[in-house]
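Structural overview
Each chain, letter by letter, is given below.
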Amino acid sequence: MNSVSRPTAQMPAFDVWNAALAQAANAIGSRSFPDALAAALRLLSPFQMMNGFTYSPDAHAFDLYNEKIVAERALIVDRYLAGAFVLDPFYDAVRADSSARMIVMREIAPDDFAQTEYFRIHYATTEILDEIGFVLTLENGYIAVLSLSRTGNAALFSEEDLQRLRSAAPLVCALAGRHWFHVSGLSLEIKNAAPAARIEHPLLTKRELEIVTLILKGHSNLSLAAVLELSPNTVKVHRRQIYSKLNISSQAELFRLFLA
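Since the model is a prediction, treat every value here as computed from it, not as a measurement.

**As for helix 4 (residues 89–96)**
When helix 4 is considered as a whole, its buried residues turn out to be P89, F90, Y91, A93 and V94. Contacts made by the buried residues of helix 4 are with strand 1 (49–55), strand 3 (102–104), helix 5 (105–108), strand 4 (128–137) and strand 5 (143–151).

**What to know about empty space enclosed by the protein**
Scanning all chains against the criterion turns up one cavity of 30 Å³ or more. N51, F53, Y80, Y123 and E131 are, among the 17 residues lining the largest cavity, the residues nearest its centre. Of all elements in the fold, only strand 1, helix 3 (73–81), helix 6 (117–124), strand 4 and strand 5 reach the threshold of two or more residues within the lining of the largest cavity. Its residues placed into classes, the lining of the largest cavity shows ten nonpolar, five polar and two charged.

**A closer look at the sheet that holds strand 3**
What the five strands build is an open sheet, ordered 2-1-5-4-3; its pairing is antiparallel. In the strand order of this sheet, the two ends are held by strand 2 (61–65) and strand 3, each with one partner. Between one strand axis and the next, the sheet turns through 25° on average, direction left out of account. Of the strands in this sheet, strand 1, strand 2, strand 4 and strand 5 touch helix 2 (residues 33–42), which is tilted by about 120° from strand 1.

**Description of the pairing of strand 4**
Burial of strand 4 is extensive: nine of the ten residues sit out of reach of the surface. The pairing of strand 3 with strand 4 spans three bridges and is classified as antiparallel. By the bridge assignment for strand 4, I103 is matched with G133. For strand 4 and strand 5, the ladder comprises nine bridges, and the chain directions are antiparallel. Counted as the bridge partner of V135 is V145 from strand 5.

**So, the environment of L222**
Counting through the fold element by element, L222 comes out in helix 10 (residues 221–228). L222 gets classed as exposed once you look at its relative accessible area, which sits at 61%. Taking the C-alpha atoms as reference points, L222 and N233, separated by eleven residues in sequence, lie 9.4 Å from one another.

**Concerning the packing of aromatic side chains**
Applying the stated criterion across every chain yields a total of twelve aromatic pairs. Seen from their ring centres, F33 and W180 are 5.6 Å apart, and the 80° between their planes marks the pair as edge-to-face. With F33 in helix 2 and W180 in the loop between helix 7 (159–179) and helix 8 (184–191), the pair connects residues that are 147 residues apart, well separated along the chain. What makes F33 buried here is its relative accessible area of 0%. Consider the rings of F85 and Y91, whose centres lie 5.0 Å apart with planes at 90°: the pair is edge-to-face. Y91 gets classed as buried once you look at its relative accessible area, which sits at 4%. Ring pairing ties together the aromatic residues F53, Y55, Y80, F85 and Y91, which thus form one cluster. The ring of F47 has R42 lying over it, and the distance from NZ or CZ to the ring centre is 4.1 Å.

**What to know about the pattern of salt bridges**
Overall, the coordinates contain 14 salt bridges when judged by the stated rule. The residue R207 makes a salt bridge to E210 at a minimum N-O spacing of 3.2 Å. Of this pair, R207 and E210 both sit in helix 9 (residues 206–217), separated by three residues, roughly a single helical turn. Judged by its relative accessible area of 33%, R207 is partly exposed. Owing to a relative accessible area of 38%, E210 belongs among the partly exposed residues under this scheme. Counted as one network, the salt bridges with shared partners bring together D63, R73 and D78.

**Comments concerning the pairing of strand 5**
The element strand 5 is extensively covered by neighbouring structure, given that nine of its nine residues are classed as buried. The two faces of strand 5 match: I143, V145, S147, S149 and T151 on one face and A144, L146, L148 and R150 on the other face are all buried. Two elements, strand 1 and strand 5, share seven bridges in a ladder whose sense is antiparallel. Within strand 5, the residue paired with T54 across the bridge is A144. Counting the residues that bridge the hairpin from strand 4 to strand 5 gives five residues, and of these N140 lies at a positive phi of roughly 60°.

Calculation notes
- Residues numbered from 1 in each chain as written.
- Predicted model: local features only at pLDDT ≥ 70, side-chain atom pairs only at ≥ 80, totals over all residues.
- Heavy atoms only, no water.
- Buried < 20%, exposed > 50% of the residue type's maximum accessible area, 1.4 Å probe, protein only.
- Helix = DSSP H or I, 4+ residues; strand = E, 2+ residues; numbered from the N terminus.
- Contact = heavy atoms within 4.5 Å.
- 1 Å grid on protein atoms, 1.4 Å probe; cavity = no way out; pocket = protein on both sides within 12 Å on 5 of 7 lines; lining within 4 Å.
- Points joined across faces, edges and corners; volume = space filled by probe spheres on them.
- Nonpolar A, V, L, I, M, F, W, Y, C, P; charged D, E, K, R; others polar.
- Pairing = 2+ DSSP bridges.
- Axes fitted to C-alpha atoms, helices over the stretch in contact; angles between N-to-C directions.
- Phe/Tyr/Trp six-rings, centres within 6.5 Å; stacked < 30°, edge-to-face > 60°.
- Lys NZ or Arg CZ within 6 Å of the ring centre and 35° of its normal.
- Salt bridge = Lys/Arg side-chain N within 4 Å of Asp/Glu carboxyl O.

Next up, the structure:
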């Protein structure tokens, strides 16, 4: 994810920032809230897309805010909700730590994330080149991530951009968390939802399924070895055995087998 360096936004005047925040706060509970929040955040740093997803305690994903996504909805939303979310580094991050904060995709993604089929489908195809997320703590153990993305030919978020957004994170998480806090309606959706998304296969051992999951998430052999405390050669042997058992020869086939 490389891009040319471009000038970043300057800190807004204090009165302008306060006015934008007040407008967002006054819009909590109304359909105008997301646009008001996005307008305030663009004073800190420009971005092209804001969207988000909610996760239940029993491993289901739901739409938080994707109203502006139309043409690419099947790629960004529908396939994600159908199960691909289990490969999202943001999902892993909030399962490990549900506290309200800002997270940065390029800081938490595995080393080979950009080489995965998940990245090819959900990032390269939609031209998302950089992404940050605000973790929202909702009712009944639900967690959400509201993300800001830069797409197309935009520059990556600079360190100054990240510093400004991270400084604003407590307030952003509080406002957005209040707006989207009530998720009781999702409990009804779960009754008719597909089984919780899991990576599983009858031919593979528990260790092999663990390796498959890490491969699909974007871990290289060296990263796999470090995470699982195995030697790189042992990881290579496991990987060959997995591909042999499944009669496949590439990660693209692995992705299609488990998440098509």
